[in-house]
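# Summary of the model geometry
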Amino acid sequence: LLVSALLSVPGFFTGTGLAERFGRKRAFMGAALVQIVTFCMAMPCWGTWFLYTALAAMIVSSTTFNQILWIYTPESYPTYIRNTAVGTLNALGKIGAACGTFLVETLDAQDIRGSLGTFVALGCVLLGATVMLKVETKNRSLQDTKEGQVGMTYATLQEANI
C-alpha cells in the first residue's frame, strides 16, 4: 500500500504537466495509450522483476490519467450543472472501481492474463472514447463565468425538462 501511494505521487505531477503542456485531450490519449502498453507488457510475465516494473508503470499511468480526468471534467461542463455532473461521474467511477475489483479477483483466480486482457480491452474502449471527445478545454474560459453571461436558472431547466 505504501509503495502504491508513493508511486502515485509522480502521476499527479505528470498528469498536471501533460494537461497544461499538450492539452487535456492529447494528455488523455497519451495516458490511455501508456496504460494499454503497460498492461500488454505485463501479460507475458517475463519474470517477477519485469512484472513489478510494469505494475509500477501502471500505477503511475493510472494516477496520471485520473489527474487529467480531475482537471478536464469540471472544465467540460457549464457552471450551472458542473457540481451535479462531477458528482454523478464520481459515483459512476466508484461503481466502476467496485466492479473492477470484483473482476480482477474473479479473473486472477483463473489466470492473471485474463484480467490484464480485460483491462487492455477496456483501455482500448477508453482510448476510442477519448478520441471522440469534442471539447478541448486548454486555455479556454469556463462557460457561464464570463462577465455578462448568465447561467441557466432552475426555472429555465424546468422549462427545458432537463
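Everything quoted here is computed from the prediction, not taken from an experiment.

## Observations concerning the environment of A32
- Among the structural elements, A32 can be located in helix α2 (residues 24-42).
- For A32, a relative accessible area of 1% translates into the label buried.
- Taking the C-alpha atoms as reference points, A32 and S61, 29 residues apart in sequence, are found 7.9 Å from one another.
- Setting aside its immediate chain neighbours within four residues, A32 contacts F65, L126 and L127.

## So, the confidence of the model for the chain
- When pLDDT is averaged across the chain, the result is 77; 85% of the residues are at 70 or more.
- Across residues 145-154, confidence stays below pLDDT 50; counting only partners more than four residues off in sequence or on other chains, it has nine contacts.

## A word on the nonpolar core
- If you look at the biggest cluster of nonpolar residues, it comprises nine residues: A19, A27, F28, A31, A32, F65, I68, I71 and Y72.
- At the level of elements, α2 and α3 (48-76) are the ones that each hand at least two residues to this core.
- One finds F39, L51, M58 and L116 within the second-largest nonpolar core, a separate group that totals eight residues.

## Examining the packing of aromatic side chains
- Tallied over the full model, the rule gives two aromatic pairs.
- Taking 4.9 Å as the distance between ring centres and 45° as the angle between the ring planes, the aromatic pair formed by F28 and F65 counts as tilted. On the criterion of sequence distance, the pair formed by F28 in helix α2 and F65 in helix α3 is long-range, its members being 37 residues apart.
- Overall, the relative accessible area of 8% leaves F65 in the buried class.
- Ring centres of F39 and F119 lie 5.6 Å apart, and the angle between their planes is 20°; on these two criteria the pair is classed as stacked. In this pair, F39 is assigned in helix α2 and F119 in helix α5 (residues 112-131), connecting sequence segments 80 residues apart.

## A short note on α3
- Across its 29 residues, α3 extends 41 Å between first and last C-alpha, which sits within 8% of the 42 Å expected from 1.5 Å per residue.
- L51, A54, M58, S61, T63, T64, F65, Q67, I68, I71, Y72 and T73 are the residues of α3 that are buried.

## Digging into the state of the cysteines
- A complete count under the given rule lists zero disulfides for this structure.
- Between C40, a free cysteine, and C124, which holds the nearest cysteine sulfur, the sulfur-to-sulfur gap is 7.1 Å.
- Since its relative accessible area comes to 36%, C40 is described here as partly exposed.

What counts and how
- Residues numbered from 1 in each chain as written.
- Predicted model: local features only at pLDDT ≥ 70, side-chain atom pairs only at ≥ 80, totals over all residues.
- Heavy atoms only, no water.
- Helix = DSSP H or I, 4+ residues; strand = E, 2+ residues; numbered from the N terminus.
- Buried < 20%, exposed > 50% of the residue type's maximum accessible area, 1.4 Å probe, protein only.
- Contact = heavy atoms within 4.5 Å.
- pLDDT = per-residue confidence, 0-100.
- Core = buried A, V, L, I, M, F, W, Y, C linked by side-chain atoms within 4.5 Å.
- Phe/Tyr/Trp six-rings, centres within 6.5 Å; stacked < 30°, edge-to-face > 60°.
- Expected span 1.5 Å × (residues − 1).
- Disulfide = S-S within 2.5 Å.

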